[in-house]
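# Commentary on secondary and tertiary structure
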Amino acid sequence: MCRPDYRIYPSLLDGFQRLLDADADEERLEDAVPGALAAERERELIDSVNRVPRPATEAQARGTCLNEAVDCLIAGRGTLRNDMTLFSEEAVDGSRVIHAEMEGFTFHYDAGLVRRIAARFGPDAVAQHLCRGLIRTDAGLVELYGYADEIVRDKVYDIKATGSYQFGKYERGWQKLVYPYCLVESGEMRNVRSFEYTAVALRGGTPRCPVIGGEIYAEEYTYDHGYAEDRLRGMLGGFIAWLEAHREQITDRKIFGGENNETD
């Protein structure tokens, strides 16, 4: 593989999208200080590019543990993560729950919910697959990469744990283009039919209702490779221009084709 000029993963594009949307989002806020939201999101994006470590929030840990529980059930194994404890147990009311611990947080998921999520993908699902693909832009050669939660035949999935859900919640996300593009462009798949955000609106996890249940929603997008390539080139052009304008603030050089560090 040719050495790329830039190495970019989709959550960075999501962060840049939030920066682009800052002014419009700010207009919907009461008593907003002009430009404050854009400045905050730009600082967050710079921290993300620099991989500044941040403790996981409770919501992030809840989603990570749920994803791992689903993967373990599909594969018929225990967790392979050193930062997580995960096992099945009987709740006080006699129901089965998945007990999870991570980053000092403890969760009890309804085992039936985890089974329903896993059943959407089936035993043949490929979980946490590293997708890589090259795309040439006016600014140089870019390697796009990231882990797809689940792949089943010609469909790619990302599991999203959320507190509430309305259709279109992930419309401005970039995973739906990046992962399928990488799979097709790299030759791993001949065609990707669609990408689905499998949204799980969680409820419970409180002292009064300790077991976490929820509802499952499908937000599906048909995939077109030519359209994805055009959209990605446009977005990458803007992001790379921003990146170069802030090069002096970038301390982690991996994004510049892996400068001084060939691997993640």
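If you tally the helices and strands in the protein chain, you get seven helices and nine strands. Against the 2.2 N^0.38 benchmark of 18 Å for 264 residues, the protein chain shows a C-alpha radius of gyration of 20 Å, consistent with a compact globule. If one aligns the C-alpha atoms of the protein chain with their principal axes, the spans along those axes are about 60 × 50 × 35 Å. Looking at the protein chain as a whole, 47% of its 264 residues are labelled buried. A separation of at least 24 residues holds for 63% of the contacts in the protein chain among residues at least 6 apart in sequence. With an accessible surface of roughly 14000 Å², the protein chain has 48% of that area assigned to carbon and sulfur atoms.

The next point concerns the packing of aromatic side chains. A full pass over the atoms with the stated rule returns 13 aromatic pairs. Here Tyr 197 and Tyr 221 contribute two aromatic rings whose centre-to-centre distance is 6.1 Å and whose plane-to-plane angle is 85°, an arrangement assigned as edge-to-face. Residue Tyr 197 is located in strand E8 (residues 194-203), and its partner Tyr 221 is located in strand E9 (residues 211-222); the two are separated by 24 residues in the primary sequence. Per residue, the accessibility class of Tyr 197 equals that of Tyr 221, and both read buried. Considering the side-chain rings of Phe 239 and Trp 242, the 5.8 Å spacing of their centres and the 10° angle between planes classify their relative orientation as stacked. Remark: Trp 242 and Phe 239 occur in helix H7 (residues 225-245); sequence separation between them is three residues, near one turn of the helix. Lying across the ring of Tyr 145, Arg 7 places its NZ or CZ 4.5 Å from the centre. The cationic tip of Lys 176 hangs over the ring face of Tyr 221; the distance from NZ or CZ to the ring centre is 5.2 Å.

A volume near 220 Å³ is recorded for the second largest pocket. Around the second largest pocket, the lining is made up of 14 residues, and of these Ala 69, Leu 73, Phe 87, Ser 88 and Ile 98 lie nearest the centre. Mapped by element, the contributors of at least two residues to the lining of the second largest pocket are helix H4 (58-75), strand E2 (84-90), strand E3 (96-102) and helix H5 (111-121). Counted by class, the lining of the second largest pocket contains eight nonpolar, three polar and three charged residues.

Next up on the list: helix H6 (residues 175-185). The buried fraction of H6 amounts to 10 of the 11 residues, a majority that puts the element mostly inside the structure. Among all positions of H6, only Gln 175, Lys 176, Leu 177, Val 178, Tyr 179, Pro 180, Tyr 181, Cys 182, Leu 183 and Val 184 are buried. Count one or two residues on from H6 and you reach Gly 187, which has phi positive near 90°.

Let us look at the nonpolar core. In summary, soluble globular proteins display a tendency toward joint burial of nonpolar side chains. With 50 residues, the main nonpolar core has Ile 8, Leu 144, Leu 232 and Phe 239 as its most contacted residues. Elements represented by at least two residues in this core include exactly strand E1 (6-8), helix H1 (10-20), helix H3 (36-49), strand E5 (126-137), strand E6 (140-152), H6, E8 and H7. Broken down by element, this core gets its largest block of residues, eight residues, from H7. Among all residues touching Ile 8, those that are not within four sequence positions of it are Leu 13, Val 142, Glu 143, Leu 144, Tyr 145, Leu 236, Phe 239, Ile 240 and Ile 255. Counting 27 residues, the second largest nonpolar core, distinct from the first, contains Ile 74, Met 84, Phe 121 and Val 152.

Turning our eyes to something else, we now look at empty space enclosed by the protein. Applying the stated rule across the entire model yields one cavity of 30 Å³ or more. The volume enclosed by the largest cavity comes to roughly 40 Å³. Around the largest cavity, the lining residues are Arg 7, Tyr 9, Leu 12, Val 49, Arg 51, Tyr 145, Asp 252, Lys 254 and Ile 255. Here the residues of the lining of the largest cavity are counted per class, giving five nonpolar, no polar and four charged.

Definitions and cut-offs
Residues numbered from 1 in each chain as written. Predicted model: local features only at pLDDT ≥ 70, side-chain atom pairs only at ≥ 80, totals over all residues. Heavy atoms only, no water. Helix = DSSP H or I, 4+ residues; strand = E, 2+ residues; numbered from the N terminus. Rg over C-alpha atoms; globule rule 2.2 N^0.38 Å. Buried < 20%, exposed > 50% of the residue type's maximum accessible area, 1.4 Å probe, protein only. Contact = heavy atoms within 4.5 Å. Areas by Shrake-Rupley, 256 points an atom, 1.4 Å probe, with all protein chains shown as cover. Phe/Tyr/Trp six-rings, centres within 6.5 Å; stacked < 30°, edge-to-face > 60°. Lys NZ or Arg CZ within 6 Å of the ring centre and 35° of its normal. 1 Å grid on protein atoms, 1.4 Å probe; cavity = no way out; pocket = protein on both sides within 12 Å on 5 of 7 lines; lining within 4 Å. Points joined across faces, edges and corners; volume = space filled by probe spheres on them. Nonpolar A, V, L, I, M, F, W, Y, C, P; charged D, E, K, R; others polar. Core = buried A, V, L, I, M, F, W, Y, C linked by side-chain atoms within 4.5 Å.

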